[in-house]
Amino acid sequence: MKSTELIDQLSEKLKDQVKNSGDYMTPLERFHCVNTHNQVPDRLICWAFYREFPRYLVNHTVKDLETSHFNQTENYLAGLVEFGYDTIWTNVDLYSVTPEIYGCPIDMKEDAISVPMKGVIRKPEQLKELKNVNPEEDGRLPVVLNTVALLREKIGDIYPVIGHLSGPISLASSLRGASKFVADIKRNPEFLAELLDFCADQTILIGKALLDRGAIGISMADATGSPNMCSPQQYRDLFLPAYKKIQKALAHMTPVGVRWHSQSGIDELDDIETFVRESCEAGNTVFHVATPWSLNIDLRSVLEILKSYNACLWFGIAPAAFATWTEEEMDANVKGFIEKYAKGFEGNILMGPNMLNDTTKPELVKAWMKAMKTYGKCY
């Protein structure tokens with residue numbers, strides 16, 4: 001593929017850093033050790049969701065990233081070179097790209113993530129007018145696919161390039177409009193089931209395109225699909241079928257399957273462990289706990305469940321920690337988290353920030369990485 005001089009330079013620098021890191025495994029080997037072979041890695045995976053955060057290193061705006069795969073690739077590579085975390089989540093503006101294709105107005109600012117502003121399905125019968133997406137041609141999906149392909153070509157031998165897309169619940173909410181979507185859960189569940197089935201189909205089409213372009217697996221963000229959106233029974237009846245359809249279509253195409261993270265609000269559930277089991281049985285391979293110290297939850301019992309399904313816990317460190325803690329506090333907290341939660345579950349736990357953003361202090365990201373490498377060794 002065509003590249004830029006900066007992409008080539010960053011790729012070579014990153015390869016040198018990985019080679020001379022002192023780690024036993026490359027990030028790709030570590031990823032496969034945990035997610036494909038269900039084995040204990042050399043150290044805990046530093047699982048970071050960083051999207052637009054490193055753009056200051058390459059002098060790009062958010063809009064620059066959202067509209068050019070060259071800019072996105074430079075952004076991700078610069079972040080890996082600077083901080084050295086283990087994952088690449090492609091697609092900066094994952095919640096806006098597909099709704100835009102269907103005509104949802106998008107609020108795209110120069111330096112903020114784009115968001116859908118308004119639904120386009122005003123009446124249920126309009127659903128039949130919508131056509132399947134063409135990932136190779138429609139809207140800004142080629143930007144997403146080309147970013148995956150270019151990263152895979154440049155560093156796919158040492159890094160896991162993860163295809164990142166919006167899940168069916170969030171897409172349905174954007175197409176219908178948030179208020180109508182919530183009302184449909186109660187008033188028109190039959191239509192909502194049809195809409196979610198359609199959105200699952202679009203997710204499958206985009207997911208297959210990501211895998212075809214070189215993504216090693218699929219990570220599916222679905223914030224609207226959080227369990228506090230509806231009752232447990234409504235979640236089972238309406239949301240889980242869409243996830244199961246996606247898993248059935250995509251999971252066999254990649255050894256690491258499809259991971260989805262829509263678990264915000266689980267502290268409001270009466271039976272968290274049942275929800276964890278249902279999520280795993282629906283095919284989820286990564287269960288995201290954003291702020292475990294605030295939940296009414298026995299985290300180690302959850303880890304036992306995940307272990308039985310060969311799934312992982314993504315233990316998120318709150319974004320505020322990366323803005324307010326000192327480097328000493330970061331070190332002490334990461335050490336404490338590992339000692340309290342990770343011992344005995346080294347092949348089933350990932351740790352890292354929920355979101356790196358403009359409030360994040362780079363020195364705290366580096367302190368987190370240093371602590372992970374110091375205390376997260378598994379041998």
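For the structure, see preceding data.
In this text the structure is predicted, and so the values were computed from the model without any measurement.

J.: Give me the lowdown on the pattern of salt bridges, citing residues and values where you can.
T.: Enumeration over the complete set of coordinates arrives at 19 salt bridges. Taking the shortest distance from any N to any O, the salt bridge between Lys109 and Asp107 comes out at 2.5 Å. When salt bridges that share partners are traced, they join Asp23, Arg30, Asp42, Arg43 and Asp86 into one network.

J.: Give me the packing of aromatic side chains: which residues, what numbers.
T.: The final tally for this structure, using the stated rule, is 19 aromatic pairs. Measuring from centroid to centroid gives 6.0 Å for Tyr50 and Tyr76, while their planes differ by 75°, and the two rings are edge-to-face. Taken as a pair, Tyr50 in the loop between strand S1 (45–46) and helix H3 (62–67) and Tyr76 in helix H4 (residues 69–83) lie far apart in primary sequence, 26 residues in all. Ring geometry for Tyr85 against Trp368: centres 6.5 Å apart, planes inclined by 40°, an arrangement best described as tilted.

J.: Lay out unusual backbone geometry with the relevant residues and their values.
T.: Here the phi dihedral of Asn38 falls at roughly 55°; this positive angle occurs in a residue that is not glycine. As for its placement among the helices and strands, Asn38 is situated in the loop between helix H2 (27–35) and S1. The backbone of Asn91 sits at a positive phi, close to 90°, despite the residue not being glycine. Position of Asn91 among the secondary structure elements: in the loop between strand S2 (88–89) and helix H5 (97–101). Classification of Asn91 as buried rests on a relative accessible area of 4%.

J.: Quick one: what's the story with the pairing of strand S6 (residues 217–221), residue by residue and with numbers?
T.: Taken across its five residues, S6 has five buried, putting it largely inside the fold. On S6, burial covers both faces: Gly217, Ser219 and Ala221 on one face and Ile218 and Met220 on the other are all buried.

J.: So what's going on with a negative patch on the surface? Which residues, and what values?
T.: Residues Asp270, Asp271, Glu273 and Asp298 make up a contiguous surface patch of negative charge. Relative to the elements of secondary structure, Glu273 occurs in helix H11 (residues 272–281). The class of Glu273 is partly exposed, set by a relative accessible area of 35%.

J.: Residues and numbers for the sheet that holds strand S8 (residues 286–289), please.
T.: Taken together, four strands build an open sheet; the order of strands is S1-S10-S9-S8 and the sheet is parallel. Bordering the open sheet on either side are S1 and S8, each of which pairs with just one other strand. Both S1 and strand S10 (residues 349–353) contribute to a ladder of two bridges, which runs parallel. The residue bridging Cys46 from the neighbouring strand is Met351, located in S10. Helix H12 (residues 299–308) contacts S8 and strand S9 (312–317) of the sheet and is inclined by roughly 145° relative to S9.

J.: Give me the lowdown on the state of the cysteines, citing residues and values where you can.
T.: Evaluation of the coordinates by the stated rule reveals zero disulfides. With no disulfide partner, Cys378 has as its closest neighbouring cysteine sulfur the one in Cys33, 8.6 Å distant.

J.: Break down the side chain of Asn91 for me, with residues and values.
T.: A polar contact is formed between the side chain of Asn91 and the backbone oxygen of His164, at a distance of 3.2 Å. Not counting residues within four places of it along the chain, the set of residues in contact with Asn91 comprises Gln72, Tyr76, Val97, Val144, His164 and Leu165.

J.: Account for H12, naming residues and giving values.
T.: All of the buried residues in H12 are Leu299, Ser301, Val302, Leu303, Ile305 and Leu306. In this structure, the buried side of H12 is in contact with H11, S8, S9 and helix H14 (327–342). Of the residues flanking the end of H12, it is Asn310, one or two places downstream, whose phi is positive at about 60°.

Conventions adopted
- Residues numbered from 1 in each chain as written.
- Predicted model: local features only at pLDDT ≥ 70, side-chain atom pairs only at ≥ 80, totals over all residues.
- Heavy atoms only, no water.
- Salt bridge = Lys/Arg side-chain N within 4 Å of Asp/Glu carboxyl O.
- Phe/Tyr/Trp six-rings, centres within 6.5 Å; stacked < 30°, edge-to-face > 60°.
- Helix = DSSP H or I, 4+ residues; strand = E, 2+ residues; numbered from the N terminus.
- Buried < 20%, exposed > 50% of the residue type's maximum accessible area, 1.4 Å probe, protein only.
- Patch = residues over 30% accessible without salt bridge, like charges linked within 9 Å, V, L, I, M, F, W, Y side chains within 5 Å.
- Areas by Shrake-Rupley, 256 points an atom, 1.4 Å probe, with all protein chains shown as cover.
- Lys, Arg positive; Asp, Glu negative; His and termini not counted.
- Charge placed at Lys NZ, Arg CZ, Asp CG, Glu CD.
- Pairing = 2+ DSSP bridges.
- Contact = heavy atoms within 4.5 Å.
- Axes fitted to C-alpha atoms, helices over the stretch in contact; angles between N-to-C directions.
- Disulfide = S-S within 2.5 Å.
- Polar contact = N/O pair within 3.5 Å; in protein donor to acceptor, adjacent residues only side chain to side chain.

Just distances and angles here, no functional claims.
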